[in-house]
Amino acid sequence: MQWPPKYPDNYRPDSDQEYWSPELETMPTAERDQHILAKLQSQVRYAYQNSGFYKEFYKDLPVDPANLQSLEEFEQLPILTKENIRHEQEQHPPYGRFLCVTPEEIFRIHGTSGTTGRPTVFGISNDDWDRIGEAHARILWGAGLRKDDTVMVAAVFSLYVGSWGALVGAERLGATCFPFGSGAPGQTERAVEWCKMVKPSALYATPSYALYLAETARQMGFDPKEDFGFRFMFFSGEPGASVPATRRLIEETFGCYIVDQGSMAEMTPWMSNSGCRHLDGGMHLWQDIVYTEMVDPQTKLNLAMGEEGVPVYSHTERTSQPMIRYWSGDIARWDMVDCPCGRTYPTLVTGIYGRVDDMIIVRGQNVFPSRIEDVLRSMDEFGGEFRLVLERETGQMDRLTVQAEVVAEAYASQEFNPTELEQIRERFTAELRRAIGVSVTVQLKPAGEFERTQFKARRIIDLRTP
Ligand SMILES: [Zn+2]
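Residues numbered from 1 in each chain as written. Predicted model: local features only at pLDDT ≥ 70, side-chain atom pairs only at ≥ 80, totals over all residues. Heavy atoms only, no water.

As for the side chain of Ser42
Structurally, the position occupied by Ser42 is in helix H2 (residues 29–50). Relative accessible area serves as the criterion here: at 15%, Ser42 is assigned to the buried category. Among all residues touching Ser42, those that are not within four sequence positions of it are Met1 and Trp3. (Helix = DSSP H or I, 4+ residues; strand = E, 2+ residues; numbered from the N terminus. Buried < 20%, exposed > 50% of the residue type's maximum accessible area, 1.4 Å probe, protein only. Contact = heavy atoms within 4.5 Å.)

Describing the sheet that holds strand E17 (residues 382–393)
The four strands are arranged E19-E18-E17-E20 in an open sheet whose pairing can be described as mixed. Edge strands, defined here as strands with exactly one partner in the open sheet, are strand E19 (441–446) and strand E20 (460–462). When the angles between neighbouring strand axes are averaged without regard to direction, this sheet yields 20°. Of the strand pairs in this sheet, E17 and E20 are connected by three bridges, and their pairing is parallel. From the neighbouring strand, Leu390 faces E20, where its bridge partner is Asp462. Lying over the sheet, helix H12 (residues 369–377) contacts E17, strand E18 (397–406) and E20, oriented at roughly 140° with respect to E17. Sheet contacts for helix H14 (residues 418–436): E17, E18 and E19; angle to E19, the most-contacted strand, approximately 130°. (Pairing = 2+ DSSP bridges. Axes fitted to C-alpha atoms, helices over the stretch in contact; angles between N-to-C directions.)

Topic: the pattern of salt bridges
Evaluation of the coordinates by the stated rule reveals 32 salt bridges. Here Glu18 ties to Arg343 by a salt bridge, and the two come within 3.5 Å at their closest N and O atoms. Within this pair, whereas Glu18 is found in the segment before helix H1 (22–25), its partner Arg343 is found in the loop between strand E13 (330–335) and strand E14 (347–355), the two being separated by 325 residues in sequence. Each of the two residues, Glu18 as well as Arg343, counts as buried. Across the pair Glu25 and Arg138 runs a salt bridge whose closest N-O atoms are separated by 3.1 Å. You can see Glu25 sitting in helix H1 and its partner Arg138 sitting in helix H6 (residues 126–143), a full 113 residues away along the chain. (Salt bridge = Lys/Arg side-chain N within 4 Å of Asp/Glu carboxyl O.)

What follows is the structure, encoded as structure tokens:
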């Protein structure tokens with residue numbers, strides 16, 4: 001097998017074809033495992049022989065990284081964490097000893113913002129960037145993107161690799177690209193005007209931003225369904241696109257279908273977790289592009305299909321800064337589902353519903369913010385935004401307060417009929433209790449109380465003292 005693989009840069013299937021790479025996408029599992037093993041053998045050997053970091057990281061292992069015999073042997077390689085990357089890059093700035101090419105061969109520099117610690121840096125070579133474009137084009141094809149679509153990328157163009165990854169995939173596929181960006185003052189109002197004028201057929205953004213765009217459009221007197229021309233939207237960066245009520249809301253608001261996507265910025269091609277145009281929530285794991293294992297958060301042992309754990313990702317065709325067995329810190333459940341698309345990949349059935357760190361433990365019960373979002377968005381009186389306030393009670397019990405906006409009419413009712421608002425509060429409380437299995441305090445706020453986001457929403461207010 002040729003490694004890294006070479007892809008013809010002018011290939012594109014006929015528009016009526018379901019698959020970009022029929023053979024790879026519909027391979028029986030056993031055959032795919034062999035294909036993946038062959039790619040991983042080359043990938044691991046290459047990293048071990050060319051990167052100072054992996055040479056040291058893979059010292060004294062029970063298996064030979066230069067000659068892995070099976071996926072079980074691959075599973076014995078140590079897991080790589082964000083802390084490992086930070087530490088390594090601190091010692092050997094800027095890339096750490098991850099680079100397997102010379103710094104001159106780096107074509108793009110991306111990274112994380114470092115909001116929770118030292119920023120991390122990813123150096124990407126030109127060949128790797130081309131392969132990312134190929135992978136994203138293939139996955140977007142599965143999501144339903146075609147050459148005659150116009151793709152609006154309404155996310156910030158910066159270090160954040162999400163927007164650039166969406167753009168390079170759409171470009172490689174041959175669609176019309178409209179790299180609009182987001183985040184500048186007044187830009188959402190301009191986005192509304194441009195949506196009306198250009199009528200893009202596809203949108204890439206975060207789910208929160210799509211809802212903010214719709215709210216802004218309505219304030220300007222437009223109807224996102226009538227006045228825009230979106231046929232479908234693809235999202236990453238937040239769980240929303242696999243949260244059933246959020247999903248329905250966006251689909252109904254714009255009159256389009258939506259596709260959930262996204263693994264980790266470090267893992268770009270980050271679209272290797274992606275739904276297709278048929279899948280109603282959840283994401284297929286495009287295993288031959290980025291190999292995903294599911295690992296127990298405590299024991300770090302591999303989990304079988306059907307189980308919930310932490311996805312651990314590995315590049316299979318990266319020559320500049322490969323990530324092998326990278327710990328995502330996300331929580332998801334994987335299984336084999338019968339999708340009408342016919343792809344034989346495993347699926348994260350309810351997407352990525354949270355981070356291990358975001359999991360709130362209330363009276364012994366694990367609670368994910370995405371579950372609360374699902375309940376709130378299914379309530380008619382919900383006003384669009386919410387916050388979760390965490391406090392620690394004496395005796396070390398965590399207390400959770402859900403602050404939820406309610407629509408203006410409902411909130412105004414307290415002036416002449418205070419019991420009505422109280423009834424709404426009781427209904428919210430009961431629904432949340434039913435869904436998450438534990439009582440929480442609910443406070444209602446008028447719609448517009450909480451700031452809307454142009455990027456990823458931050459909804460947890462943690463008042464616990466460490
Ligand atoms: Zn599918």
